[in-house]
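For reference, the chains in residue letters:
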Amino acid sequence: MPETSPFEIIAGNNAAGLVLLADHATNHLPAEYGKLGLPESAFSRHIAYDIGVEALVRRLALRLGVPAVLSRFSRLLIDPNRGEDDPTLIMKISDGAIIPGNHPITPDEWDARLNRFHRPYHRAVSQTIASVGAASGKAPLVISIHSYTPAWKGVPRPWHAAVLWDSDPRAVTPLIEALQGSGDILVGDNEPYDGALRGDTMFRHCMETGLAHALIEVRQDLIGDDSGVAEWDERLGPILANLNARPELHEIRRYPSRTGPYAF
């Protein structure tokens with residue numbers, strides 16, 4: 001994989017039928033973008049990437065022996081978990097931080113970032129899902145991993161983890177039940193975010209195509225170091241393996257989106 005690649009595919013057993021995704025895996029920027037006019041400290045914050053997610057997804061992919069697709073560019077450059085027509089695709093301000101390198105931005109630069117980073121990442125996701133479907137002979141189960149801050153605007157977020165979703169409950173219901181079953185964590189159901197986001201990764205690759213899926217958010221302070229990542233690998237690994245063993249999660253079934261009608 002070239003250093004400048006906008007994505008990384010971790011190889012795995014495609015016949016297992018499971019795909020892991022990490023939309024916000026890294027805080028990388030190509031050298032020609034500098035720091036987008038931001039201080040170096042900005043790139044250790046959640047505005048640049050999902051803290052802990054890259055390490056967690058790598059461990060889960062290794063444990064489960066399944067492929068994963070990770071983005072290799074900071075969300076400050078362009079957000080792969082947004083639709084191409086989403087006004088927050090390239091942020092001018094993020095959590096109070098003005099991003100000089102994103103404002104003003106020319107239409108040509110906007111298109112250049114789509115073509116160089118956003119679209120290749122999504123092609124890699126589509127191709128990996130297709131390869132897993134072909135090798136397994138069934139509809140893949142897709143799990144996306146993210147992380148969120150322990151507090152927002154001074155308000156603590158009590159959930160240790162959350163499951164975000166639109167309207168397809170097939171993977172979500174057993175996932176939430178399994179996470180809650182340990183009895184030692186508080187699990188958010190579409191908290192602290194709502195999972196119905198038109199054009200995002202789950203909408204584009206799963207809702208529109210009828211694949212069972214879920215987006216798991218883990219609170220960043222819980223996976224901010226190696227011991228935390230190891231703990232959540234141990235927690236999530238068996239749960240995801242059990243989910244993947246459920247035949248009903250490997251069927252095509254298209255649910256209406258809460259965001260409105262599909263374009264086709």
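Conventions adopted
- Residues numbered from 1 in each chain as written.
- Predicted model: local features only at pLDDT ≥ 70, side-chain atom pairs only at ≥ 80, totals over all residues.
- Heavy atoms only, no water.
- Helix = DSSP H or I, 4+ residues; strand = E, 2+ residues; numbered from the N terminus.
- Rg over C-alpha atoms; globule rule 2.2 N^0.38 Å.
- Buried < 20%, exposed > 50% of the residue type's maximum accessible area, 1.4 Å probe, protein only.
- pLDDT = per-residue confidence, 0-100.
- Expected span 1.5 Å × (residues − 1).
- Bend = angle between axes of the 7 residues up to and from the residue.
- Contact = heavy atoms within 4.5 Å.
- Salt bridge = Lys/Arg side-chain N within 4 Å of Asp/Glu carboxyl O.

### Quick notes on the overall build of the protein
Part 1: Within the protein one finds five helices and eleven strands.
Part 2: On C-alpha atoms alone, the protein measures out to a radius of gyration of 18 Å, which is about the 18 Å that the 2.2 N^0.38 rule sets for 264 residues.
Part 3: C-alpha atoms of the protein, sized along the principal axes, occupy 50 × 40 × 35 Å.
Part 4: Within the protein, the fraction of its 264 residues that count as buried is 54%.

### Remarks on the confidence of the model for the protein
Part 1: Taken residue by residue, the protein gives an average pLDDT of 96. The fraction at 70 or more is 99%.
Part 2: When the elements of the protein are averaged for pLDDT, strand E5 (residues 97-98) gives the smallest value, 82, and strand E2 (residues 18-22) the largest, 99.

### Thoughts on helix H5 (residues 226-244)
Part 1: Helix length check: H5 (19 residues) gives 26 Å between terminal C-alpha atoms against 27 Å at 1.5 Å per residue, within 8%.
Part 2: Largest kink in H5: about 25°, centred on Leu 236, with the proline Pro 238 one to four residues after it.
Part 3: Among the residues of H5, Gly 228, Val 229, Trp 232, Asp 233, Arg 235, Leu 236, Gly 237, Ile 239, Leu 240, Leu 243 and Asn 244 are the ones counted as buried.
Part 4: At its buried positions, H5 is contacted by E2, helix H1 (53-64), strand E6 (141-148), strand E9 (161-164), helix H3 (172-181) and strand E11 (213-219).

### Structural notes on the pattern of salt bridges
Part 1: Tallying each qualifying case throughout the model produces 21 salt bridges.
Part 2: Its salt-bridge partner being Asp 50, residue Arg 75 comes within 2.9 Å of it at the nearest N-O pair. Residue Arg 75 is located in the loop between strand E3 (68-71) and strand E4 (93-94), and its partner Asp 50 is located in the loop between E2 and H1; the two are separated by 25 residues in the primary sequence. Note on accessibility: Arg 75 and Asp 50 belong to one class, buried.
Part 3: A salt bridge links Arg 258 to Asp 166; the shortest N-O distance between them is 3.7 Å. Separated by 92 residues along the polypeptide, Arg 258 in the segment after H5 and Asp 166 in the loop between E9 and H3 bring together distant segments of the chain.
Part 4: Residue Arg 258 is classed as partly exposed on the basis of its relative accessible area, which comes to 46%.
Part 5: Among the charged side chains, a network of salt bridges with common partners joins Glu 8, Glu 54, Arg 58 and Arg 72.

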